[in-house]
Amino acid sequence: MEDSTLKQKLLARARRRSSPRAAEATGGERPAPSAGNPAGDYRTWTDFTAHPGYQHLALMRQGASRLGLTDPFFKVHEGTAGATSTLEGQTFINFASYNYLGYSGDPRVNQAARDAVERYGTSVSASRAVSGERPIHQALEQALAEAYEAEDAVAFVSGHATNVSTLGYLLGPRDLVLHDEYIHNSALVGTQLSGAKRMPFPHNDAERLDALLERHRHRFERVLIIIEGLYSMDGDAPDLDRFVALKQRHDAWLMVDEAHALGVLGERGRGLYEHCGTSPGDVDIWMGTLSKTLAGCGGYIAGTRPLVEILRHFAPGFLYSVGMPAQVAAPALRALELMRAEPERVARLHAVSAYFLAQAQKRGLDTGYSIGAAVVPVIVGNSPQATRLCQALFDQGINVQPIVYPAVPENSARLRFFLSCDHTQEQIDRTLDILQQQLDDANTPR
């Protein structure tokens, strides 16, 4: 039996087992709560081991065990994770972290965090609207706004919550969200929370988006188009000008998620607008995170002052959340300042990424649509294969994560390589040589 077929059967079995009707049909005790059963036994509803999610996880682990696969997730990094990292007491070449410009762990960035703790303590101890506002928040937001040539910006304590709270508040049931089919989960959850109608369009397909707008724009009040600056699963980027033209033609908003693009795209690392030569003011909502290039944690929205004021006063994820700790805001601000002063790091990242992509393709590896900008997948075709390769590389001192179904379709399961400006050509050559050998061995008839 093929690995993918076995996995599909295990997933189907998990769904059947999690169904109350299936449990009753197989003799399992799972009485549905009802007014007619006041003395019923509800333990099967309140036992977490009976929850569909837990049963799904148990079956996935069972299937992995049968295939001899080890769990590739939750590996413990024992220090700073950059081009190298320490795991299990050993130094590994590391391709699993978003430390694109090497600022996480940089002594200057670390010092900014220490100085902030000394001045402000370890928590601002309140939401910013109440008494959690600090000068470092304002400085960070001003710097983020300047990076996008925007009027203002607002920083949230979580990148995921930035999208959830922003979309959940700005939109409503009379609105429409059109998004790239590969958009991040946070945008999907935020749209669901808003109650807006949601329609995906094929990846980077502006023509299909145009057709959807022609067909549906008149039925809704506000319409929002969401794309990403750099797609983290495939390492490709959209043609921003085409999406700007569509949003203008159809009177829609355009939102760009820059989580992986800031510090990566463009000569100075300014992101998608610099990469495409587009005016940043043509985009209505710039969203990004502080946890990649900027060596912190959290997210931000940049745009017009009215947009930012709305979010500051009404977005639940900002208004009702404690303010960002100063020792998180300060290193993000310092990293942004250093990025501006050190464009050579961006240039190094571009060179390293292009080298990785060229060498992978030279070896016949499937890198999909990656443009060679910090994110390069190697597509291997199924989840068990990706997991086996992850372990084989780990055994050789190389850390890279598999991306498996349902994060990507089963036939495009992959190893996803995140590049840092600090990776060397020698590290890349060694990694790709080992990967190619492992793939050749797996494909050799026995």
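Parameters and conventions
Residues numbered from 1 in each chain as written. Predicted model: local features only at pLDDT ≥ 70, side-chain atom pairs only at ≥ 80, totals over all residues. Heavy atoms only, no water. Helix = DSSP H or I, 4+ residues; strand = E, 2+ residues; numbered from the N terminus. Rg over C-alpha atoms; globule rule 2.2 N^0.38 Å. Buried < 20%, exposed > 50% of the residue type's maximum accessible area, 1.4 Å probe, protein only. Areas by Shrake-Rupley, 256 points an atom, 1.4 Å probe, with all protein chains shown as cover. Expected span 1.5 Å × (residues − 1). Pairing = 2+ DSSP bridges. Arc of directions from axis to C-beta. Polar contact = N/O pair within 3.5 Å; in protein donor to acceptor, adjacent residues only side chain to side chain. Contact = heavy atoms within 4.5 Å. pLDDT = per-residue confidence, 0-100.

Caption draft 1: Quick peek at the overall build of the protein chain. Within the protein chain, the secondary structure is distributed over 18 helices and 13 strands. Relative to the 2.2 N^0.38 estimate, which gives 22 Å for 446 residues, the radius of gyration of the protein chain is 24 Å and therefore close to what a compact globule would have. In the protein chain, buried positions account for 52% of the 446 residues. About 20500 Å² of surface is accessible on the protein chain, with carbon and sulfur atoms providing 51% of the total.

Caption draft 2: Fine view of helix α7 (residues 135-147). Compared with an ideal rise of 1.5 Å per residue, which puts 13 residues at 18 Å, α7 spans 19 Å between its outermost C-alpha atoms and is within 8% of the ideal. All buried positions along α7 are accounted for by Ile136, His137, Leu140, Glu141, Ala143, Leu144, Ala145 and Ala147.

Caption draft 3: Representation of the sheet that holds strand β1 (residues 84-87) within the structure. Sheet architecture is open: three strands sit in the order β1-β2-β11, paired in mixed fashion. At either margin of the open sheet sits one strand with a lone partner, and together these are β1 and β11 (398-399). Sheet topology note: the strand β2 (residues 90-94)/β11 ladder contains two bridges and is parallel. Paired with Asn94 across the two strands is Asn399, which belongs to β11.

Caption draft 4: Structural context of helix α13 (residues 305-314). Turning to α13, its buried residues number three or more, namely Leu307, Val308 and Leu311. Down the axis, α13 shows its buried residues gathered within 95° of arc, on one side only.

Caption draft 5: Region of the structure containing the side chain of Gln427. With respect to the helices and strands, the residue Gln427 is situated in helix α18 (residues 425-443). Here the side chain of Gln427 touches Thr424 through a polar contact of 3.0 Å, landing on its backbone nitrogen. In contact with Gln427, other than residues within four places in its own chain, are Ala83, Thr84, Ile93 and Asp422.

Caption draft 6: Structural detail: the confidence of the model for the protein chain. The pLDDT averaged across the protein chain works out to 90; a share of 90% of its residues lies at or above 70. Throughout residues 1-11 the model reports pLDDT below 50, and contacts reaching past four residues in sequence, or to other chains, amount to 16 contacts. A low-confidence stretch, residues 13-30 stays under pLDDT 50, and its non-local contacts, those more than four residues away or across chains, total 25 contacts.

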